[in-house]
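Chain and residue survey
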Amino acid sequence: MTPLPPSTEQALAHTGTQMLAAARLGDWTEVRRLEGVAQRQVQALRQRSPRIHDLPPAQRRARLEALKALLRLDAEIRRLAEPGWVRVESWLAPSRRGQDGAYSADTQGKH
């Protein structure tokens with residue numbers, strides 16, 4: 001039996017994984033090239049696949065999980081590409097002790 005070709009979502013997830021690997025190596029030329037590949041895959045997904053609301057529930061969940069995974073990959077690539085934002089995010093994010101975040105704590109009572 002011939003194996004089925006990968007779905008567009010699987011191909012897109014593979015491209016995202018390759019982009020993250022290239023970003024971790026600092027190969028930004030490859031990241032940009034793969035970004036173009038991913039954009040074409042997204043376009044193909046939009047043109048060839050039914051809208052997510054038209055899919056059966058199992059396929060809808062699978063597509064949503066694939067899209068969430070891509071967003072996580074994208075966030076990690078952005079953190080690698082823009083390391084200064086990690087510091088800004090840490091200022092704005094709530095601390096582990098349940099405080100409102102460093103920015104909020106630093107500005108309390110200074111209004």
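Residues numbered from 1 in each chain as written. Predicted model: local features only at pLDDT ≥ 70, side-chain atom pairs only at ≥ 80, totals over all residues. Heavy atoms only, no water.

1. Quick look at the overall build of the chain
Rules: A run of H or I in DSSP becomes a helix once it reaches four residues, and a run of E becomes a strand once it reaches two; helices and strands are each numbered from the N terminus. Contacts between residues were defined by any pair of non-hydrogen atoms, one from each residue, lying within 4.5 Å. Throughout, the Shrake-Rupley method with a 1.4 Å probe supplies accessible areas, and for residues the shown protein chains are the sole cover considered.
The helix and strand tally for the chain stands at 5 helices and 0 strands. Counting helices and strands in the order they occur from the N terminus, the chain gives α-α-α-α-α. In the chain, 46% of the contacts between residues at least 6 apart in sequence involve partners at least 24 apart. With an accessible surface of roughly 8,800 Å², the chain has 56% of that area assigned to carbon and sulfur atoms.

2. A closer look at the pattern of salt bridges
To be explicit about the condition: What counts as a salt bridge is simple: a side-chain nitrogen of Lys or Arg found within 4 Å of a carboxyl oxygen of Asp or Glu. A simple rule labels every residue: compare its accessible area, found with a 1.4 Å probe on the protein chains alone, to the largest value its type can have, and call it buried under 20%, exposed over 50%, or partly exposed in between.
A complete count under the given rule lists 4 salt bridges for this structure. The shortest N-O distance in the salt bridge between Arg79 and Glu76 comes to 3.5 Å. With Arg79 and Glu76 both in helix H3 (residues 57-81), this residue pair falls 3 residues apart, about one helical turn. Judged by its relative accessible area of 34%, Arg79 is partly exposed. Judged by its relative accessible area of 23%, Glu76 falls in the partly exposed class.

3. Quick look at the side chain of Thr15
Positionally, Thr15 belongs in helix H1 (residues 8-25). Judged by its relative accessible area of 2%, Thr15 falls in the buried class. Not counting the four nearest positions on each side in its chain, Thr15 is found in contact with Leu34, Val37, Ala38 and Gln41.

4. Structural notes on helix H2 (residues 28-48)
Test applied: To estimate the expected span of a helix, subtract one from its residue number and multiply by 1.5 Å.
When the terminal C-alpha atoms of H2 are compared, their 30 Å separation across 21 residues agrees well with the 30 Å that a helix rising 1.5 Å per residue should span. For H2, the set of buried residues is Val31, Leu34, Gly36, Val37, Ala38, Gln41, Ala44 and Leu45. Here the buried face of H2 lies against H1 and H3.

5. Some words on the environment of Ala23
Mapped onto the secondary structure, Ala23 falls in helix H1. Taking relative accessible area as the criterion, Ala23 reaches 4% and is therefore assigned buried. Ala23 sits 56 residues away from Arg79 along the chain, and the two C-alpha atoms are 9.7 Å apart. Every residue in contact with Ala23, bar those within four places of it in the chain, is listed here: Trp28, Val31, Ile77 and Leu80.

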